[in-house]
Amino acid sequence: EDEAFRNADALPCPYPPELLIRLLEKSSALRPCVDAMVTNVNGFGHRWVPTIDLKSSDADTMLAASILAERLQDGDEDPADPTPEEIAERRKQVMRGIQIEELRMKSFIAACSKDGFAKLRKRVWQDFEITGNAYIEVLRNAATGRITQLVYVPATTMRLRARDQTFVSVVWRVKESGAVRYAEVERQERFRPFVQRVLGYQAFFREFGDPRPMDKNTGVSYPVGAKLPRNFKAATEIIHLSEESSRSSYGIPRWVGATFEVLGLRAA
């Protein structure tokens, strides 16, 4: 299996994920720790918290500050303080935006995973705690480009490939400092491809946000707008979560320093 990954130009893992999973299965000390982290971080659901709580006593002050921030972003070096009428109008706009965004997110969360969003998060976080890496496949609507589904991908089946040397122009939506609106910012990014092997089947993935079409069978990326081969099979995107390390592109589990204790307890 390792040789097959090397043939696919995958980067070697500092700690093989399969070995780390086996250590968890054999350790009476590690399992409770991982289960506690999974439950406490992802097992209690979620709630929606707006950027500006319109029910708070300082909501109008925050709304006024957001208006001032936007005027500064627009180039006004000495912006005038917003009037009460402007603050009241902004309150209506923010309230409407909160309602629409919450409805959209609730609809997405309810349908994004066949096993439910909470179970998806717990499975992903278990891999993160055990191996230092976790992977989520992102599926989009072909017509609109909107994200429609999130799929758990076992960390033992995934490997990273080297980042592309080619910079790609990408437009990101970035929240303006102090404001409630977003701006579109063009940036140059280098993306990383991924490869997966399951029972001898191999597939390639592109990094989340990479606009270039990639063939899932060959791992070849094509420029945006380029003519694609007749047998082209589009690769989906991968979100990679990792416990970052300065010595590896992969994440390293936080408990790896206690490996000898884990092995020693099992031997005893």
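Higher on the page you've got the structure.
What this report covers is the structure whose coordinates are included nearby. Quantities reported herein were computed from a predicted structural model and do not represent experimental measurements.

Attention shifts here to the pairing of strand β1 (residues 133-140). Where burial is concerned, most of β1 is hidden: six out of the eight residues are buried. As paired elements, β1 and strand β2 (residues 147-153) share six bridges and run antiparallel to each other. Of the residues in β2, the one forming a bridge with Arg 140 is Ile 147. Hairpin connection, β1 to β2: the antiparallel pair is bridged by six residues, and Gly 145 has positive phi, about 80°.

Now for helix α6 (residues 117-131). End to end, α6 covers 21 Å across 15 residues, agreeing with the expected 21 Å (1.5 Å per residue, within 8%). Along α6, the residues that are buried comprise Leu 120, Val 124, Asp 127, Phe 128, Glu 129, Ile 130 and Thr 131. Taken together, the buried residues of α6 touch α2 (17-26), α3 (30-42), β1, β2 and β8 (237-242).

Bringing the pattern of salt bridges into the picture now. Inspection of the entire model under this criterion finds 17 salt bridges. The shortest N-O distance in the salt bridge between Glu 70 and Arg 90 comes to 3.0 Å. One end of the pair, Glu 70, is in helix α4 (residues 59-73); the other, Arg 90, is in helix α5 (residues 84-111), with 20 residues separating them in the sequence. No difference in accessibility class separates Glu 70 from Arg 90, as the two residues are buried. It is possible to trace a salt-bridge network through shared partners that takes in Asp 74, Glu 176 and Arg 181.

In this description, an aromatic ring pair is defined by two values, namely the gap between the centres and the angle between the planes. Taken as a whole and assessed by the stated rule, the structure comprises three aromatic pairs. A ring pair is formed by Trp 125 and Phe 128, whose centres lie 4.4 Å apart and whose planes are at 25°; its orientation type is stacked. Here Trp 125 and its partner Phe 128 are both found in helix α6, three residues apart, which amounts to about one turn of the helix. Centre to centre, the rings of Tyr 222 and Phe 232 are 5.9 Å apart; their planes meet at 80°, and the pair counts as edge-to-face. With Tyr 222 in the loop between β7 (201-207) and β8 and Phe 232 in the loop between β7 and β8, this residue pair connects regions lying 10 residues apart in the sequence. A cation over a ring is seen here: Arg 173 above Tyr 182, with NZ or CZ 4.6 Å from the ring centre.

To continue, consider the nonpolar core. Most often, soluble globular proteins have nonpolar side chains that are buried together. Grouped together as the largest cluster of nonpolar side chains are 11 residues: Cys 13, Tyr 135, Val 153, Ala 155, Met 158, Leu 160, Phe 194, Ala 203, Phe 205, Ile 238 and Tyr 250. Mapped onto this core, the elements with two or more residues apiece are β3 (158-160) and β7.

What links the strands of a sheet is backbone hydrogen bonding, and the strands pair in either a parallel or an antiparallel sense. The mixed open sheet is built from six strands, whose spatial order is β2-β1-β8-β7-β6-β3. This sheet does not close on itself; its edge strands, each paired only once, are β2 and β3. Neighbour-to-neighbour, the strand axes of this sheet turn through a mean angle of 35°, independent of strand direction. Sheet topology note: the β1/β8 ladder contains six bridges and is antiparallel. The partner of Tyr 135 across the bridge, within β8, is His 240.

Our focus in this paragraph is the packing of α3 against α6. Running from amino to carboxyl end, α3 crosses α6 at an angle of 140°, the nearest separation of the two axes being 9 Å. It follows from the interaxial angle that α3 and α6 lie oblique. By crossing handedness, the relation of α3 to α6 is classed as right-handed. Of the residues in α6, those in contact with Arg 31, Val 34, Asp 35, Met 37, Val 38, Val 41 and Asn 42 of α3 are Ala 118, Arg 121, Lys 122, Trp 125, Gln 126, Glu 129 and Ile 130.

What counts and how
Residues numbered from 1 in each chain as written. Predicted model: local features only at pLDDT ≥ 70, side-chain atom pairs only at ≥ 80, totals over all residues. Heavy atoms only, no water. Buried < 20%, exposed > 50% of the residue type's maximum accessible area, 1.4 Å probe, protein only. Helix = DSSP H or I, 4+ residues; strand = E, 2+ residues; numbered from the N terminus. Pairing = 2+ DSSP bridges. Expected span 1.5 Å × (residues − 1). Contact = heavy atoms within 4.5 Å. Salt bridge = Lys/Arg side-chain N within 4 Å of Asp/Glu carboxyl O. Phe/Tyr/Trp six-rings, centres within 6.5 Å; stacked < 30°, edge-to-face > 60°. Lys NZ or Arg CZ within 6 Å of the ring centre and 35° of its normal. Core = buried A, V, L, I, M, F, W, Y, C linked by side-chain atoms within 4.5 Å. Axes fitted to C-alpha atoms, helices over the stretch in contact; angles between N-to-C directions. Parallel < 35°, antiparallel > 145°, perpendicular 65-115°, else oblique. Left-handed = near helix turned anticlockwise from the far one by under 90°.

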